Amino acid sequence: MSEHLIHDYAERITRAAQKEWAVLEFLRDEVYSSTAVLAVEMGIGERGARYVLNRMVKKGLLVRDEVKFMAGRGLPIWGITAAGVLHDLEPDEVATINLRHHSIGSVSPVTIEHTLDVQRCRQYCLGTLKCHSWTPTRLLPVKKEQRSSKKGWPVYPDGVALYPSKSSDYVPVAFEVERSRKTPQRYVQIIKGHLRNIEVLRYQRVVYYCPSQKEADSLKALFLRLMGERNITHVVDDRWYGAQYCIKLFVFSSMDKF
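What this report covers is the structure whose coordinates are included nearby. None of these values were measured; they are calculated from a predicted model.

### What to know about the overall build of the protein
Here is step 1: Secondary structure summary: the protein contains 9 helices and 10 strands in total.
Here is step 2: In terms of overall dimensions, the protein has C-alpha extents of about 65 × 45 × 35 Å along its principal axes.
Here is step 3: For the protein, the accessible surface area stands at approximately 14400 Å², while carbon and sulfur atoms represent 53% of it.
Here is step 4: Across the protein, the centroid of the 38 positively charged side chains sits 5 Å from that of the 29 negatively charged ones.

Here is the structure:
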């Protein structure tokens, strides 16, 4: 319900604060996003979202930016400011919060589509799939370490969340949004990296979302072929498992779901 339709003043103020808090909580992780994605976070339409976001710009909590594409087309985006990051936090939260904020002009048109797809994936996982505790790739442990470091992960997924299992508890699952294809050799490295992360219990499986189900099925077929041709294996309790077992640790689905 729009805050403008709420007659009780105190309730209207509370609802307005809830919308702003939802935006800030999301952008403390994601740094910037589009009107459409942030509208979903607030549970309102895009027109109402623009009103709230412009109000937050006036308060100094957000900045309005634009990603320029070919032929002059632009996409408005909203980034969190340093003031927005720290807004209304408790002292113990300030001590641990990631302080990254948005810099105008820092977003590339090459990466924006993938970034927004991952954010929509996050919303789908936390909303429809009832996952908990989404961690975006840049906030995963030791992400800033050199890849040669023993502390670094061999591969970093687009996000990791706690997924509800059949036994009613939650298990860590990695999510990848695959908008375009990579080379077979790069996929070999990625598959091995994911399997290594699974072996050391960073997560239990990987879900790939592709633009269509046909592309998802094609990627699954490619993974299975590469696992067989390159003799890729997975180790569980000192037992070695081949391609037919490894492929079960990967799920391939369509982005149409979100």
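So, next bit.
### Describing the sheet that holds strand β5 (residues 159-164)
Here is step 1: With respect to topology, 5 strands assemble into an open sheet ordered β4-β5-β6-β7-β10, the strand pairing being mixed. Whereas interior strands pair on both sides, the edge strands pair on one side only; in this sheet they are β4 (132-136) and β10 (250-254). Between one strand axis and the next, the sheet turns by 30° as a mean value, whatever way the strands run.
Here is step 2: Where strand β6 (residues 170-177) meets strand β7 (residues 205-210), 5 bridges bridge the pair, whose relative direction is parallel. Within the sheet, the bridge partner assigned to V173 lies in β7 and is R205.
Here is step 3: Strands in contact with helix α6 (residues 112-127) are β4, β6 and β7; relative to β4, the strand with the most contacts, it is inclined by about 170°.
Here is step 4: The sheet strands contacting helix α8 (residues 213-229) are β7 and β10, and the helix crosses β10 at an angle near 160°.

### Here's the deal with the packing of aromatic side chains
Here is step 1: Evaluated as defined, the whole model comprises 13 aromatic pairs.
Here is step 2: For the ring pair Y209 and F258, a centre distance of 5.1 Å and an interplane angle of 80° mean the geometry is edge-to-face. Here Y209 is found in strand β7, whereas its partner F258 is found in the segment after β10, with 49 residues between them in sequence.
Here is step 3: Residue class for Y209 comes out buried when judged on its relative accessible area of 4%.
Here is step 4: Look at F258 and you get partly exposed, because its relative accessible area is 22%.
Here is step 5: Seen in terms of ring centroids, F223 and F252 are 5.3 Å apart; in terms of plane orientation they differ by 85°. Their pairing is edge-to-face. On the criterion of sequence distance, the pair formed by F223 in helix α8 and F252 in strand β10 is long-range, its members being 29 residues apart.
Here is step 6: The class of F223 is buried, set by a relative accessible area of 0%.

### Examining a nonpolar patch on the surface
Here is step 1: A cluster of nonpolar residues, L86, V94 and L99, forms a patch on the protein surface that exposes about 250 Å² of accessible area.
Here is step 2: Mapped onto the elements, L86 comes out in helix α4 (residues 82-86).

### Remarks on the side chain of E30
Here is step 1: You can see E30 is positioned in helix α1 (residues 9-30).
Here is step 2: Assessed through its relative accessible area of 11%, E30 is described here as buried.
Here is step 3: Apart from residues no more than four positions distant in its own chain, E30 is found in contact with Q119, R122, W134, P136 and R138.

### Considerations on α8
Here is step 1: For α8, built from 17 residues, the straight-helix expectation of 24 Å at 1.5 Å per residue is met to within 8% by its first-to-last C-alpha distance of 24 Å.
Here is step 2: Those residues of α8 that are buried lie in contact with α7 (184-199), β7, α9 (243-246) and β10.
Here is step 3: Note on α8: the residue one or two positions beyond its end, N231, has a positive phi of about 50°.

### Some thoughts on the packing of helix α2 (residues 35-42) against helix α3 (residues 46-58)
Here is step 1: Look at α2 against α3: their axes get within 9 Å of each other, and the N-to-C directions meet at 90°. Considering their axes alone, α2 and α3 lie roughly perpendicular with respect to each other. Only E46, A49, R50, V52 and L53 of α3 make contact with α2, whose side of the interface consists of T35, A36, L38, A39 and M42.
Here is step 2: Along the lines of polarity and charge, the residues of the contact of α2 with α3 split into 7 nonpolar, 1 polar and 2 charged.

### Some thoughts on the layout of surface pockets
Here is step 1: Space inside the largest pocket adds up to approximately 450 Å³.
Here is step 2: Breaking the lining of the largest pocket down by element, the ones donating at least two residues are β6 and α7.
Here is step 3: Considered class by class, the residues forming the lining of the largest pocket number 10 nonpolar, 4 polar and 11 charged.
Here is step 4: Approximately 390 Å³ is the volume found for the second largest pocket.
Here is step 5: Those elements that place two or more of their residues in the lining of the second largest pocket are α1 and α6.
Here is step 6: The residue makeup of the lining of the second largest pocket, split by class, is 5 nonpolar, 10 polar and 5 charged.

### Details of the environment of I247
Here is step 1: Topologically, I247 is positioned in the loop between α9 and β10.
Here is step 2: Look at I247 and you get buried, because its relative accessible area is 8%.
Here is step 3: For I247 and L224, which are 23 residues apart along the polypeptide, the C-alpha to C-alpha distance reads 6.2 Å.

Cut-offs and rules
The numbers attached to residues start from 1 for each chain and follow its sequence in the written order. In keeping with the model being predicted, local features are shown solely for residues with a pLDDT of at least 70 and side-chain atom pairs are shown and tallied solely at 80 or more, while totals for entire chains, interfaces and linings include all residues. Only hydrogens and water are set aside; all other atoms, that is, all heavy atoms of the structure, feed into the side-chain values. Numbering of helices and strands runs from the N terminus, with a helix taken as a DSSP run of H or I at least four residues long and a strand as a DSSP run of E at least two residues long. Accessible areas in this description were obtained via Shrake-Rupley with a 1.4 Å probe; residue shielding takes into account the shown protein chains only. Here the positive residues are Lys and Arg and the negative ones are Asp and Glu; neither His nor the chain ends is included. Here the site of a charge means atom NZ of a Lys, CZ of an Arg, CG of an Asp or CD of a Glu. One bridge is not enough; two strands pair if DSSP finds at least two bridges between them. To define axes, lines are fitted to C-alpha atoms, for helices over the stretch in contact only, and angles between the resulting N-to-C directions are given on a 0 to 180 degree scale. The contact rule is simple, with two residues in contact once any of their heavy atoms fall within 4.5 Å. In this scheme Phe, Tyr and Trp rings, the latter by its six-membered ring, pair at centre separations within 6.5 Å, and the angle between planes marks the pair as stacked below 30 degrees, edge-to-face above 60, and tilted otherwise. The buried label goes to any residue with under 20% of its type's maximum accessible area, the exposed label to any with over 50%, and the partly exposed label to all in between, with areas taken from a 1.4 Å probe on protein chains only. Only residues above 30% relative accessible area that lack a salt bridge enter a patch, with like-charged residues linked at up to 9 Å and the nonpolar side chains Val, Leu, Ile, Met, Phe, Trp and Tyr linked at up to 5 Å. Salt bridge, as used here, is a side-chain nitrogen of Lys or Arg placed within 4 Å of a carboxyl oxygen of Asp or Glu. In this analysis, the expected span of each helix is defined as 1.5 Å times one less than the number of residues it contains. Should an angle fall under 35 degrees it is called roughly parallel, over 145 degrees roughly antiparallel, and 65 to 115 degrees roughly perpendicular, with every other angle called oblique. When residue character is reported, Ala, Val, Leu, Ile, Met, Phe, Trp, Tyr, Cys and Pro are called nonpolar, Asp, Glu, Lys and Arg charged, and the others, Gly included, polar. Definitions used for this entry: grid spacing 1 Å over protein atoms alone; cavity, a set of points where a 1.4 Å probe fits but cannot get out; pocket, an open set with protein on both sides within 12 Å along at least 5 of 7 lines; lining residue, one with an atom within 4 Å of a point. Grid points are joined across faces, edges and corners, and a volume is the space filled by probe spheres set on the points.

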